[in-house]
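Overview (structure and organization)
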Amino acid sequence: MNQLDIVVMPGDGIGIEVMDSALAVLEQLEARFGFRLRKHTHAGGALHYAQTGTALSDESFEAARRADAILFGAMGLPDVRYPDGTEIAPHLEMRREFGLYAGVRPVRRLPNTPRVLADPRSDEIDLVIIRESTEGLFYSRGKGVVEHDQVAEETLRITRATSERLFDFAFRLAERRQQRRGRPGGVTCVDKSNVFVAMAFFRKIFDERASDFPTVAADRAYIDAIALDLIRKPWAYDVLVMENMFGDIISDLGGGLVGGMGLAPCAEIGDQHALFQPAHGSAPDIAGKGIANPTAMLLSTAMMLDWLAQRHSIACLADASDALHAAVDSAYAERIRPVEFGGEDGTLAITRAVLAELAAQRA
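Presented here is an overview of the structure given in this document. Just so it is clear, the model here is predicted, and its values are computed rather than measured. (Residues numbered from 1 in each chain as written. Predicted model: local features only at pLDDT ≥ 70, side-chain atom pairs only at ≥ 80, totals over all residues. Heavy atoms only, no water.)

Right, let's get into the overall build of the protein chain. Per the secondary structure count, the protein chain includes 11 helices and 12 strands. For the protein chain, whose C-alpha radius of gyration is 20 Å, the value lies close to the compact-globule estimate of 21 Å for 363 residues. With the C-alpha coordinates of the protein chain rotated into their principal frame, the extents come out at 60 × 50 × 45 Å. Buried positions account for 53% of the 363 residues belonging to the protein chain. Intrachain contacts of the protein chain at a sequence separation of at least 6 include 75% that bridge at least 24 residues. Measuring between centres, the 39 positive side-chain charges of the protein chain sit 4 Å from its 51 negative side-chain charges. (Helix = DSSP H or I, 4+ residues; strand = E, 2+ residues; numbered from the N terminus. Rg over C-alpha atoms; globule rule 2.2 N^0.38 Å. Buried < 20%, exposed > 50% of the residue type's maximum accessible area, 1.4 Å probe, protein only. Contact = heavy atoms within 4.5 Å. Lys, Arg positive; Asp, Glu negative; His and termini not counted. Charge placed at Lys NZ, Arg CZ, Asp CG, Glu CD.)

This is the structure we're talking about:
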């Protein structure tokens, strides 16, 4: 029962490098906690498209469908595009095909990292952005039209079925965070309901679902106000749930609040499937230099272990997830100084530091 199958897709650029870090850490965790993840590696992405004419083979796509989880590096290169001008992004197809409606983007300041905001309360930043990942404005991907080179149109789509699942997910996550942190939490619906009918519909559904979770505070805010308040007082928020495009933008702002995308993990979760990846891209400008920060990949891996533990009721996976989170925190507190923060620690040094902290936990 402690054996599961995961599909590993390193992808392009630094995706390959940070995936190596994740696999090294998983190897140590498997040996310590007594579980096994059978790893099936599949090629895909922009370079694969340039070489073969396909971004992800049907075989690889179906392997991802059958897997217990998908561990994903990064795919896409700015100079490799489809004929319509869009970038190579197979994970967007997986979101739609596998129903990965909840894009979970934790935003938490790690120990001993530079303070981006001057206010000392920014040390307390610990929130989660939940981005609906299958519809919203992204619903139009591949369906937009340009008329006579004069007018371009895309369509935003909000459905009750997806929104209900999304809001229930957000409230349940807030409940779990309350239990773990030992203090009240809340969910904020982020929209533009003062302007768009679709957003008013989104908020209406939020209000309906909130009534089923009386122990979790429910709040509402416009997207422009949230953009302001995430700079003024991000420590005041717990779980923020929003439409696809808004979540795409705000989650990058969240990464910036805690030091950058190298510290920004991500999970794409549905009712039956889940994909785990760093929120950053393939970063071809630093690929091959050994300076990519694998922290977001490692934290995404911890999220995968936690999700698998819940889904399959395997306690040792939850223990491994907690151990990895603690090891990352300890490594930053004690020794890590990544290159993007003016230090000298690149991919290998950060990986070794986390592995050393995992080993020290057993001493």
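Turning our eyes to something else, we now look at the nonpolar core. Ranked by size, the top nonpolar core spans 72 residues in total, and within it Ile130 and Met304 carry the most contacts. Take this core: its biggest share by element is 10 residues, from helix 9 (residues 295-312). Formed by 19 residues, the second largest nonpolar core is a distinct cluster that contains Val190, Met199, Leu240 and Met242. (Core = buried A, V, L, I, M, F, W, Y, C linked by side-chain atoms within 4.5 Å.)

This part is about the pairing of strand 4 (residues 102-108). Among the seven residues that make up strand 4, five are buried, leaving the element largely enclosed by the rest of the structure. Relative to strand 5 (residues 126-132), strand 4 runs antiparallel, the two sharing seven bridges. Across the sheet, Arg105 pairs through a bridge with Ile129, a residue of strand 5. (Pairing = 2+ DSSP bridges.)

Once that is clear, we can look at helix 9. End to end, helix 9 covers 26 Å across 18 residues, agreeing with the expected 26 Å (1.5 Å per residue, within 8%). Following helix 9 by one or two positions, Ser313 has its phi on the positive side, about 55 degrees. (Expected span 1.5 Å × (residues − 1).)

Bringing the pairing of strand 1 (residues 3-11) into the picture now. Most of strand 1 sits inside the fold, with seven of its nine residues counted as buried. Sheet topology note: the strand 1/strand 2 (residues 36-41) ladder contains six bridges and is parallel. Bridge pairing links Leu4 to Leu37 in strand 2. After leaving strand 1, the chain enters helix 1 (residues 14-33) and then returns to the sheet as strand 2, a path that is right-handed. In this sheet, strand 3 (residues 69-74) lies alongside strand 1 in parallel orientation, the contact comprising five bridges. Paired with Gly11 across the bridge in strand 3 is Ala74. (Right-handed = clockwise from strand over helix to strand, strands pointing away.)

Further remarks concern unusual backbone geometry. In this structure, Asn112 is a non-glycine residue whose phi angle is positive, near 65 degrees. Structurally, the position occupied by Asn112 is in the loop between strand 4 and strand 5. Despite not being glycine, Asp149 shows a phi value in the positive range, around 60 degrees. Here Asp149 is to be found in the loop between strand 6 (145-147) and strand 7 (151-153). Residue classification places Asp149 among the exposed residues on the basis of a relative accessible area of 69%.

Another aspect to go through is empty space enclosed by the protein. Within this structure, the stated rule accounts for one cavity of 30 Å³ or more. Put simply, the largest cavity is a space of about 40 Å³. Lining the largest cavity, in full, are Arg105, Pro106, Val107, Ser251, Gly255, Met261, Ala264, Pro265 and Ala279. For the lining of the largest cavity, the secondary-structure elements that each account for two or more residues are strand 4 and helix 8 (244-257). Considering each element in turn, the lining of the largest cavity owes the most residues, three residues, to strand 4. Of the residues that constitute the lining of the largest cavity, the class distribution is six nonpolar, two polar and one charged. (1 Å grid on protein atoms, 1.4 Å probe; cavity = no way out; pocket = protein on both sides within 12 Å on 5 of 7 lines; lining within 4 Å. Points joined across faces, edges and corners; volume = space filled by probe spheres on them. Nonpolar A, V, L, I, M, F, W, Y, C, P; charged D, E, K, R; others polar.)

The end-to-end C-alpha distance of helix 10 (residues 315-334) is 28 Å, a good match for the 28 Å that 20 residues give at a rise of 1.5 Å each. Looking at helix 10, one finds that the buried residues are Cys316, Leu317, Ala320, Ser321, Ala323, Leu324, Ala327, Val328, Ala331 and Tyr332. Down the axis of helix 10, the sector holding all buried residues measures 165 degrees, keeping them to one side. Exposed residues on helix 10 whose side chains face more than 90 degrees from its buried face are Ala315 and Glu334. Those residues of helix 10 that are buried are in contact with strand 1, helix 1, helix 9 and helix 11 (347-361). (Arc of directions from axis to C-beta.)

In short, geometric facts, not functional conclusions.
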